[in-house]
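# Residue-level structure breakdown
Given next are the chains, with one letter for each unit.
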Amino acid sequence: MNRRTFLTATALAGLAGSFALPHAASADTLEDIKKRGKLLVAIDLGSPPFGLADAQMQPTGSDVESARLLAADLGVPLEIVQVTSPNRVPFLLTNKADIVMASFSVNEERKKVIDFSNAYGVIQIVVAAPKGTTIKTVDDLAGKRIGTTRGSTNDKEVTSQIKNAEIVRYDDDATLITALVSGQVDVMGSSPQVMAAVNQRRPNDPLETKIVLKTNPYAIGLRKGDEALRTRLNEWIAKDLASGKLREIYVKYNGVPLPETLPATN
């Protein structure tokens, strides 16, 4: 998609009117998946450690591995539909994907036009900068350049909480990471996972968390009215959290354990 604009609540509402309402009365994506024999999952492969390409240019990351686990549980192959932060909702509402698993934080704007499963992970939104940079409150960010990912929950939170800084928006996490590694920006408003990816490539001047802006659950996005699918997703999440499979995937890619109890999404 060439148009990578930040989706405002008004724009999302427009999309809801155009695409979401017809599905509310008759949606049965679970049945469609079974008939098709394939699960179409929208994943952002520019968002490490959730989605990225490995050394062999194959998709990997916690969302990729979790989606493979879900597809196996449903008994169908997985097909990844590649998205970016700004087009996750449009791809779902225009039926390009059955569900979205793309570090998809739950917020009230998104809940107006789509539904979410129960949480299967959490993500913090932090301000990070080099150790020698003194930042204790948002007031200390006045006049600084802060990098974030366009159209993401990070972007929304940075924009709403930080008023006196220059916000530099990049189209995906991979581009943001490159900008931080190359020194185009030295302060970020993103996740600890993005910070860890940056620090792997700038070990002599690593970033550290200065401020935690928010802690969000992330979940699977699905179209409104897909109650059979949501029930099935929630059953799978409960089962594989209890078995430890989803927790193992989270630790493998994030380096920290999931909380014992995840925040509610509805």
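Residues numbered from 1 in each chain as written. Predicted model: local features only at pLDDT ≥ 70, side-chain atom pairs only at ≥ 80, totals over all residues. Heavy atoms only, no water.

Another point: the overall build of the chain. What the chain contains, in helices and strands, is 10 helices and 10 strands. Compactness check: the chain gives a C-alpha radius of gyration of 18 Å against a globular reference of 18 Å for 266 residues, within 12% of the reference. Expressed along its principal axes, the backbone C-alpha trace of the chain runs to roughly 55 × 40 × 35 Å. Summarising the internal contacts of the chain: among those between residues at least 6 apart in sequence, 71% fall at separations of at least 24. Only carbon and sulfur atoms are counted for the fraction: they give 51% of the accessible area of the chain, which is about 11,700 Å². If you average the places of the 32 positive and of the 30 negative side-chain charges in the chain, the two averages end up 2 Å apart. (Helix = DSSP H or I, 4+ residues; strand = E, 2+ residues; numbered from the N terminus. Rg over C-alpha atoms; globule rule 2.2 N^0.38 Å. Contact = heavy atoms within 4.5 Å. Areas by Shrake-Rupley, 256 points an atom, 1.4 Å probe, with all protein chains shown as cover. Lys, Arg positive; Asp, Glu negative; His and termini not counted. Charge placed at Lys NZ, Arg CZ, Asp CG, Glu CD.)

Looking now at the packing of helix α9 (residues 227–242) against helix α10 (residues 245–254). It is the contact of α9 with α10, at a shortest axis distance of 4 Å, that shows an interaxial angle of 75°. Looking at the two axes, α9 sits roughly perpendicular to α10. Of the residues in α10, those in contact with Trp236, Ile237, Asp240 and Leu241 of α9 are Lys245, Leu246 and Arg247. (Axes fitted to C-alpha atoms, helices over the stretch in contact; angles between N-to-C directions. Parallel < 35°, antiparallel > 145°, perpendicular 65-115°, else oblique.)

Most of strand β7 (residues 145–149) sits inside the fold, with four of its five residues counted as buried. Relative to strand β8 (residues 166–170), β7 runs parallel, the two being bridged by five bridges. Each residue of the ladder has a partner; that of Arg145, found in β8, is Glu166. Taken together, β7, helix α6 (residues 153–161) and β8 form a β-α-β motif whose crossover is right-handed. (Buried < 20%, exposed > 50% of the residue type's maximum accessible area, 1.4 Å probe, protein only. Pairing = 2+ DSSP bridges. Right-handed = clockwise from strand over helix to strand, strands pointing away.)

At a minimum axis separation of 6 Å, helix α2 (residues 29–36) and α9 run at an interaxial angle of 80°. Taken together, the axes of α2 and α9 are roughly perpendicular relative to one another. Residue-level inspection shows Thr29, Leu30 and Ile33 of α2 in contact with α9, the latter providing Ala228, Leu229 and Arg232. In terms of residue class, the contact of α2 with α9 is built from four nonpolar, one polar and one charged. (Nonpolar A, V, L, I, M, F, W, Y, C, P; charged D, E, K, R; others polar.)

What follows is about the pattern of salt bridges. Tallied over the entire structure, the rule returns 16 salt bridges. Lys252 serves as the salt-bridge partner of Glu65, at 3.1 Å between the closest nitrogen and oxygen. Of the two residues, Glu65 is situated in helix α3 (residues 62–74) and Lys252 in helix α10; the sequence distance between them amounts to 187 residues. Its relative accessible area of 24% is what places Glu65 among the partly exposed residues. What emerges from the salt-bridge pattern is a single network uniting Asp73, Arg232, Lys239 and Asp240. (Salt bridge = Lys/Arg side-chain N within 4 Å of Asp/Glu carboxyl O.)

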